[in-house]
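Read off the chains here:
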Amino acid sequence: MSTPAANEQLRAARLLRWYPRVWRERYGAEFTELLTAELIEQPRSWRRTIDVARSGLLARLTAAGATGTALEPAAQVQASLAI
């Protein structure tokens, strides 16, 4: 039998998939911990889910160089090829 905290940790890990791998490697553990605590406190929130997804997609676009954020020249070339 799984605990509520374990269920919320799994939900947080699924939401974290919206973010790029590099971002998850750097911030994933802390973000998962914060998100898990929020999910335990307030289990249902479509606004939170939309916000996490939106922010994750923005992080992916930024990592790909699609948001106009300044990247190093080599990263700009790689981003333009990826897009």
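The structure we're discussing is the one just above.
All residue numbers refer to position in the chain's written sequence, counted from 1. Predicted model: local features are reported for residues with pLDDT of at least 70 only, side-chain atom pairs are reported and counted for 80 or more only, and whole-chain, interface and lining totals are derived from all residues. Computation of side-chain values: all heavy atoms of the structure, hydrogens and water removed.

## Looking at the packing of aromatic side chains
Then comes step 1: Pairing of aromatic side chains here covers Phe, Tyr and the six-membered ring of Trp, requires ring centres within 6.5 Å, and sorts the geometry by plane angle: under 30 degrees stacked, over 60 edge-to-face, intermediate tilted. In the structure shown here, the tally under the stated rule is four aromatic pairs.
Then comes step 2: An angle of 50° between the planes, with centres 5.1 Å apart, marks the rings of W23 and Y27 as tilted. In this pair, W23 and Y27 are both assigned in helix α2 (residues 21–41), four residues apart and thus about one turn of the helix distant.
Then comes step 3: When accessible area is computed with a 1.4 Å probe and restricted to protein chains, residues below 20% of their type maximum are described as buried, those above 50% as exposed, and intermediate ones as partly exposed. W23 gets classed as partly exposed once you look at its relative accessible area, which sits at 22%.
Then comes step 4: Centroid distance W23 to F31: 5.5 Å. Interplanar angle 80°. Geometry classified as edge-to-face.
Then comes step 5: Grouped by ring-pair contacts, the aromatic residues Y19, W23, Y27 and F31 constitute a single cluster. Numbering of helices and strands starts at the N terminus; helices are DSSP runs of H or I of at least 4 residues and strands are runs of E of at least 2.

## A look at the nonpolar core
Then comes step 1: The nonpolar core is taken to be a set of buried Ala, Val, Leu, Ile, Met, Phe, Trp, Tyr and Cys residues, with the residues joined through side-chain atoms within 4.5 Å. Formed by A12, L15, L16, Y19, L35, L39, V52 and A59, the largest nonpolar core amounts to eight residues.
Then comes step 2: Excluding its chain neighbours within four sequence positions, the residues that come into contact with A12 are T32, L35, T36 and L39. By definition, residues are in contact when any of their heavy atoms lie within 4.5 Å.

## Focus: α2
Then comes step 1: Throughout, bend refers to the angle between the axes fitted to the seven residues that end at a position and the seven residues that start at it. Maximal helix bending in α2 amounts to about 70°, located at Y27.
Then comes step 2: Of the positions making up α2, those classed as buried are G28, T32, L35, T36 and L39.
Then comes step 3: On its buried face, α2 sits against α1 (4–16) and α3 (46–63).

## What to know about the packing of α1 against α2
Then comes step 1: Axis geometry follows a simple rule: fit a line to the C-alpha atoms, using only the stretch in contact for helices, then measure angles between N-to-C directions, giving values from 0 to 180 degrees. It is the contact of α1 with α2, at a shortest axis distance of 8 Å, that shows an interaxial angle of 135°. Considering the angle they form, α1 stands oblique to α2. The handedness of the crossing between α1 and α2 comes out as right-handed. Contacts between α1 and α2 involve A5, E8, Q9, R11, A12, L15 and L16 from the first element and W23, R24, G28, F31, T32, L35, T36, L39 and I40 from the second. Each angle is binned into one of four classes, with values under 35 degrees roughly parallel, values over 145 roughly antiparallel, values of 65 to 115 roughly perpendicular, and all other values oblique. Helix crossings fall into two classes, left-handed where the near helix is turned counterclockwise from the far one by less than a right angle and right-handed where it is turned clockwise.

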